[in-house]
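# Observations on the model geometry
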Amino acid sequence: MTYASTRLLFRPLEIKDAEELFLHVYSDENVNRYLRFETHKMKEETREVLTYFLENHHEIYVIIKKDTNEIIGTVEIADKSLENKTCAIWYLIGSKWWKMGYDTESLKQTISFLFQNFDYQLIETVVRNDNVSSFMVCERNHMKLDGILRDRRIDKLDGHLDSIRIYSITRGEWGSKL
């Protein structure tokens, strides 16, 4: 299943996306600063990670700029609970496309896609406390700060403990913002 916004197309991840994702996201030191895994140095690392994701049925969409057909990032739908009617969104955008509204547009369109096509009642995301741009994206998309979990992740660069923020939006909150 694919979906789209004004400037972006979202389609399921395929192994053929490894090269572009390596070039634009997984080898990008700025992006990987906020992730738990190391920056990829070789295309094969990205291919191995994508193979793992595909073999283990991760629901990941590539984000494609419509005007250039470039893959600029990914969105993963994770932690799906049919019983609780909840899921989480994790997104990555290459730093070349930061500060252009693609992250806000990606999150907005993914939230809409999920509420329009599935029975989720709450969608959440987790953001590192020092990733100010990402939590501002959540707030621009009317997500509410549920809480800050203190000292939850070890920073891979300097070893300090970092806190994470949990944001969410309910179906009712989303519907009232249309």
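Residues numbered from 1 in each chain as written. Predicted model: local features only at pLDDT ≥ 70, side-chain atom pairs only at ≥ 80, totals over all residues. Heavy atoms only, no water.

## Quick word on the nonpolar core
- Among the nonpolar cores identified, the biggest contains 29 residues, and V75, I89, L107, I111, L114 and I123 are the most heavily contacted of them.
- Of all elements in the fold, only strand 2 (8-12), strand 3 (59-65), strand 4 (71-81), strand 5 (86-93), helix 4 (102-117), strand 6 (122-128), helix 5 (132-140) and strand 8 (161-170) reach the threshold of two or more residues within this core.
- With 13 residues, the next largest nonpolar core counts I60, V62, I64 and I71 among its residues. (Core = buried A, V, L, I, M, F, W, Y, C linked by side-chain atoms within 4.5 Å. Buried < 20%, exposed > 50% of the residue type's maximum accessible area, 1.4 Å probe, protein only. Helix = DSSP H or I, 4+ residues; strand = E, 2+ residues; numbered from the N terminus.)

## Remarks on the environment of K177
- Structurally, K177 is set in the segment after helix 6 (171-176).
- A relative accessible area of 45% means that K177 is categorised as partly exposed.
- On a C-alpha basis, the gap between K177 and H142 in space is 7.8 Å, while along the polypeptide they are 35 residues apart.

## Section: helix 1 (residues 18-26)
- Along helix 1, the residues classified as buried are A18, L21, F22, H24, V25 and Y26.
- In the core, the buried residues of helix 1 are packed alongside helix 2 (29-32), helix 3 (43-55), strand 3, strand 4 and strand 5. (Contact = heavy atoms within 4.5 Å.)

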